[in-house]
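A closer look at the structure
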Amino acid sequence: MIHSRMDFHSPALGMGTSAVVLYPQQTDGQIGMAGGIDLDENGEPRVPVLYLLHGLSDDCTGWTRRTSIERYASAKGICVVMPEVRRSFYADEVLGEKYWTYVSEELPALINQTFRISTAREDTFVAGLSMGGFGAMKLALNHPERFAAAGSFSGALAVAERDYTEFGHAMPARIWGQGLTPEAGSVYEPYFEGVEQGAFPAIDDLNALARKAEPGSLPRLWIGCGTEDFLLEETRAFVRALEERGHAHEVTYTPGAHEWTVWDEYVRRFLDWI
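One structure accompanies this document, and this report is about it. On a predicted model such as this, the values are computed, not experimentally measured, just so you know. (Residues numbered from 1 in each chain as written. Predicted model: local features only at pLDDT ≥ 70, side-chain atom pairs only at ≥ 80, totals over all residues. Heavy atoms only, no water.)

Thoughts on the overall build of the protein
Along the backbone of the protein there are 8 helices and 8 strands. Compactness check: the protein gives a C-alpha radius of gyration of 19 Å against a globular reference of 19 Å for 274 residues, within 12% of the reference. The buried share of the protein, taken over its 274 residues, is 51%. Relative to all contacts within the protein whose residues are 6 or more apart in sequence, the contacts with residues 24 or more apart total 71%. Total accessible area on the protein stands at roughly 12,300 Å², and carbon and sulfur atoms take up 49% of it. (Helix = DSSP H or I, 4+ residues; strand = E, 2+ residues; numbered from the N terminus. Rg over C-alpha atoms; globule rule 2.2 N^0.38 Å. Buried < 20%, exposed > 50% of the residue type's maximum accessible area, 1.4 Å probe, protein only. Contact = heavy atoms within 4.5 Å. Areas by Shrake-Rupley, 256 points an atom, 1.4 Å probe, with all protein chains shown as cover.)

Put into structure tokens, the structure is as follows:
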């Protein structure tokens, strides 16, 4: 695999940011590695892409530092893109940066311009752990036309119901404007344009989105969680919403807590499954 760290300017964020990209190459003579690149009918590379999203406490290097994702991806001949979104919950933050615009619009365009990957829906995938599992499902439910499949590993899938002040008192206010009522004419008022006080953004309410989506309209969904994970009930609630609406999905519950040994196994299974 070609292991590349990209450092670039993001107009959506108004600042520089980073992403780690794994790109397949022929592995002839590379001990312990398997894989290569599939070619289409014209002899051109046909490289699928997986957007692999990090959790609340990680950055764009987390997956490559703590799992064997490079080895797994090499065997599949798939490009893996790992962006950095800080503690944003993949949202256009009310008092922060536009990470949803970045990850849903700007980043895919940049990757398509920079790497020789397939842009077909059937070759495009998204997955993530914890906060990244939420981000993956958010992308799959809001842009189902773009992805063939999506995976959530110990996903924080019920952000509309959880009190996230426990992870930092400013986080819900910064991201969603919760608890803030800026006075008319204050310096903060422009940031709250279109934000309904006390309401949760519809694009972030995954259970409601699942119940509204037409059966058969979503990508294939793979959902896994450890049986000792503190987010297990959020996962089960999301699965119930999928079942109520009749959406196709694969569910895996395995022993384990909120930990990398679980996610390393899940990302390997997800790559096998897709």
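A closer look at the state of the cysteines
All told, the structure shown has 0 disulfides when counted by the stated rule. The thiol sulfur of Cys60 is not disulfide-bonded, and the nearest other cysteine sulfur, from Cys79, lies at 14 Å. Judged by relative accessible area, which is 1%, Cys60 ranks as buried. (Disulfide = S-S within 2.5 Å.)

A closer look at the sheet that holds strand β4 (residues 79-83)
Spatially, β1-β2-β4-β3-β5-β6-β7-β8 is the arrangement adopted by the 8 strands of the open sheet, whose pairing is mixed. Two strands bound the open sheet, and with one partner strand each, they are β1 (2-10) and β8 (249-254). If you compare each strand with its neighbour and ignore which way they point, the axes differ by 15° on average. Where strand β2 (residues 15-23) and β4 come together, 4 bridges link them in antiparallel fashion. The residue bridging Leu22 from the neighbouring strand is Val80, located in β4. Lying on the sheet, helix α4 (residues 131-142) is in contact with β3 (49-53), β5 (124-129), β6 (149-153) and β7 (220-226); it crosses β5 at an angle near 150°. (Pairing = 2+ DSSP bridges. Axes fitted to C-alpha atoms, helices over the stretch in contact; angles between N-to-C directions.)

Considering the packing of helix α2 (residues 69-76) against helix α8 (residues 260-273)
Across the interface, α2 lies against α8 with an axial gap of 10 Å and an inter-helix angle of 10°. One way to sum up the angle between α2 and α8 is to call them roughly parallel. Touching Ile69, Tyr72, Ala73 and Lys76 of α2 are Asp264, Val267, Arg268, Leu271 and Asp272, all from α8. Tallied by class, residues from the contact of α2 with α8 come to 5 nonpolar, no polar and 4 charged. (Parallel < 35°, antiparallel > 145°, perpendicular 65-115°, else oblique. Nonpolar A, V, L, I, M, F, W, Y, C, P; charged D, E, K, R; others polar.)

Considerations on α2
Helical geometry note: an α-helix holds 3.6 residues per turn, so side chains three or four residues apart project in the same direction. Along α2, the positions that sit buried rather than exposed are Ile69, Tyr72, Ala73 and Ser74. Buried positions along α2 lie against β2, β3, α1 (62-66), β4 and α8. A positive backbone phi angle near 65° is found at Gly77, which sits one or two residues after α2.

Regarding the pairing of β2
By the criterion of burial, β2 is predominantly enclosed, with 7 of the 9 residues buried. Counting the residues in the hairpin turn of β1 and β2 gives 4 residues, including Gly14, whose phi is positive at 75°.

Quick look at the packing of aromatic side chains
Counted by the stated rule, this structure contains 12 aromatic pairs. Pairing Phe89 with Trp176 gives two aromatic rings, centres 5.6 Å apart and planes at 50°, and the pair type is tilted. Of the two residues, Phe89 is situated in the loop between β4 and α3 (99-114) and Trp176 in helix α5 (residues 171-176); the sequence distance between them amounts to 87 residues. An aromatic cluster is built from Trp63, Phe153, Trp222, Trp260, Trp263, Tyr266, Phe270 and Trp273, whose rings are joined through pairwise contacts. (Phe/Tyr/Trp six-rings, centres within 6.5 Å; stacked < 30°, edge-to-face > 60°.)

Some words on the environment of Thr114
Mapped onto the secondary structure, Thr114 falls in helix α3. A relative accessible area of 45% places Thr114 in the partly exposed class.

Bear in mind that shape data such as this cannot, by itself, settle questions of function.
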